[in-house]
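Listed below are the residues making up each chain.
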Amino acid sequence: MKPSLCTLARALAASALFVAAGCAAQASAPALSAQAAAPTLIPAVRVAHADRATMLASTRAGDRIVAVGDHGVVLLSDDGGRSHRQARSVPVDVALTAVAFVDAQHGWAAGHWGVLLRTEDGGETWQLQRSDVQHDRPLFALHFFDRQHGVAVGLWSLVLVTQDGGAHWQAVDLSPPEGAKRADLNLYGLFADAQGRLYAPGERGMVLRSDDQGRSWRYLSTGYAGSFWTGTATPGGALLVAGLRGSMYRSADMGQSWQRIDTHTTASITALASAGDRIIGVGLDGLLLISRDDGRSLATASRPDRLPLTSVLANSQGRPVAYSRQGVLPGDAFKAQWPSD
């Protein structure tokens, strides 16, 4: 039996977005059933222990760190990730799965029910720009090139673009992949290279590439059959995508050809990021990854508590800061395994 859309959405949120990818791959795209009432979007509640909420994505807003997660929780850190506080005002109580900033003040967040939010004060307060409570097609990733031009992607090949800072979003119709009858891939990530080319890792080993800020796309096949959940452009100009069961692929020619990288793990990889001249990553089962040679090889370790890790970034000092299904990861996530980092 194929899972319902609402069941899928709950599974994605409860398992830090990525655990349900296998189920999502089998789903079709039904509209909200006639029996299921559309939800009412309500503001997120400020709570005493917001830093323990499931966090799903994080980014830098200047020197500030902004992380987003379940029930509309937005966390801000102004000390490199050592402490966090909850944002003052978020207009939705839904899982936020992506966040992007173009400078210290201007940012956007995306999540379930097609929600898109904007902030102009570094994440302190947020305004709702878009939602679709009739069809819960979650948005999984977000990228902005500047204050005006942005792209969001999500469930069943959902691609939205804006050219006015998110005041209006337009859907982009994708052509089906070769051999398929329709475009129905779940797109889990977005990242850009130094030349502004945009990449969307997704299901069936596919990576989509856009050279025009999301208005048109072409499929890049990696030779892998599983799901990619994350990706990044390396400091040296290569591309890395990773996901299910520790799979990672690298391209040195803008996605035309790919080589599988041995990650020494079967734990699924949920996030990759550049940290100076290193690549860092996290995953399920407490997985920690680090590469010092532009992604050609990796060292791996696992936290003793096997905590599912969901997001990682480098703070303004270049130190890794990680988040998990149980909120902020205490201390330096990589220090015990790699004291020199």
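Preceding block: the structure.
Notes on the structure follow. (Residues numbered from 1 in each chain as written. Predicted model: local features only at pLDDT ≥ 70, side-chain atom pairs only at ≥ 80, totals over all residues. Heavy atoms only, no water.)

Considerations on the packing of aromatic side chains
Note the threshold: Paired rings are identified among Phe, Tyr and Trp, the last through its six-membered ring, by centres lying within 6.5 Å, and are further divided according to the angle between planes into stacked (under 30 degrees), edge-to-face (over 60) and tilted (the rest). Comment: elements are numbered from the N terminus, with helices defined as DSSP H or I runs of at least four residues and strands as E runs of at least two. Burial classification: accessible surface area is computed with a 1.4 Å probe over protein chains only, and a residue below 20% of its type maximum counts as buried, one above 50% as exposed, and the rest as partly exposed.
For the structure shown, the criterion picks out eight aromatic pairs. Seen in terms of ring centroids, Trp 108 and Phe 144 are 3.6 Å apart; in terms of plane orientation they differ by 10°. Their pairing is stacked. Of this pair, Trp 108 sits in strand S6 (residues 107-111) while Phe 144 sits in strand S9 (residues 139-144), and the two are 36 residues apart along the sequence. Of the residues examined, Trp 108 reaches a relative accessible area of 0% and is grouped as buried.

Quick word on the environment of Gly 205
In plain terms, the rule: Whether two residues are in contact is decided by their heavy atoms, any of which lying within 4.5 Å being enough.
Within the fold, Gly 205 resides in the loop between strand S14 (198-201) and strand S15 (206-210). Among the residues examined, Gly 205 registers a relative accessible area of 0% and is labelled buried. Through-space distance from the C-alpha of Gly 205 to that of Leu 220 is 8.7 Å; in sequence the pair is 15 residues apart. Apart from the residues lying within four places of it in its own chain, the contact partners of Gly 205 are Leu 220, Ser 221, Thr 222, Tyr 224, Ala 225, Gly 226 and Phe 228.

Remarks on empty space enclosed by the protein
For clarity, the threshold we go by: Cavity means a closed set of points on a 1 Å grid over the protein atoms alone, one where a 1.4 Å probe fits but cannot get out, pocket means an open set with protein on both sides within 12 Å along at least 5 of 7 lines, and lining means a residue has an atom within 4 Å of a point. Grid points are joined across faces, edges and corners, and a volume is the space filled by probe spheres set on the points. Polar here means any residue outside two lists: the nonpolar Ala, Val, Leu, Ile, Met, Phe, Trp, Tyr, Cys and Pro, and the charged Asp, Glu, Lys and Arg; Gly therefore counts as polar.
Inspection of every chain in the model, using the stated rule, returns one cavity of 30 Å³ or more. Estimated volume of the largest cavity: approximately 30 Å³. Lining the largest cavity are His 149, Gly 150, Val 161, Thr 162, Gln 163, Gln 213 and Arg 215. Residues that form the lining of the largest cavity fall into these classes: one nonpolar, five polar and one charged.

Describing the environment of Asp 253
In plain terms, the rule: Throughout this description, a polar contact denotes any pair of N or O atoms lying within 3.5 Å of each other; where both atoms belong to protein, one of them has to be capable of donating a hydrogen while the other can accept it, and for residues adjacent in sequence the pair is counted only when both atoms sit in side chains.
For Asp 253, the position within the fold is in the loop between strand S19 (248-251) and strand S20 (259-260). In sequence terms Asp 253 and Leu 239 are 14 residues apart; their C-alpha atoms lie 8.3 Å from each other. A polar contact is formed between the side chain of Asp 253 and the side chain of Ser 257, at a distance of 2.6 Å.

Observations concerning unusual backbone geometry
The phi angle at His 71 is positive, at roughly 55°, despite the residue not being glycine. A positive phi angle, close to 60°, is found at His 264, a residue other than glycine. Within the fold, His 264 resides in the loop between S20 and strand S21 (269-275).

Quick look at the side chain of His 106
Within the secondary structure, His 106 is located in the loop between strand S5 (96-101) and S6. Side chain to side chain, His 106 and Arg 147 meet in a polar contact 3.5 Å long. If we skip the residues at most four places from it in the chain, His 106 touches Ala 100, Phe 101, Arg 118, Thr 119, Glu 120 and Arg 147.

With respect to the pattern of salt bridges
Just so we agree on the cut-off: Salt bridge criterion: a side-chain nitrogen from Lys or Arg within 4 Å of a carboxyl oxygen from Asp or Glu.
Summed over all chains, the structure comprises 13 salt bridges. When the shortest N-O distance is used, the salt bridge between Asp 184 and Arg 204 registers 2.8 Å. Taken as a pair, Asp 184 in the loop between strand S12 (170-171) and strand S13 (191-192) and Arg 204 in the loop between S14 and S15 lie far apart in primary sequence, 20 residues in all. For Asp 184, a relative accessible area of 16% puts it in the buried group. Arg 204 sits in the partly exposed class, given a relative accessible area of 38%. Ionic pairing is found between Arg 197 and Asp 193, a salt bridge with its closest N-O pair at 2.7 Å. With respect to class, Arg 197 is no different from Asp 193; both count as buried.

Quick word on the nonpolar core
Using the following cut-off: For this analysis, a nonpolar core means a set of buried residues of the types Ala, Val, Leu, Ile, Met, Phe, Trp, Tyr and Cys, connected via side-chain atoms within 4.5 Å.
If you look at the biggest cluster of nonpolar residues, it comprises 19 residues, and the most contacted ones within it are Val 66, Val 74, Val 90, Leu 96, Leu 117 and Trp 126. Taken together, the elements giving at least two residues each to this core come down to strand S1 (55-61), strand S2 (64-69), strand S3 (74-77) and S5. Sorting elements by how many residues they give to this core places S5 first, with three residues. The residues touching Val 90, leaving out its near neighbours within four places in the chain, are Pro 43, Ala 44, Gly 72, Val 74, Leu 96, Leu 117 and Trp 126. Membership of the second largest hydrophobic core comes to 15 residues, among which are Leu 174, Leu 190, Ala 200 and Leu 208.

Shape descriptors only; they carry no functional weight alone.
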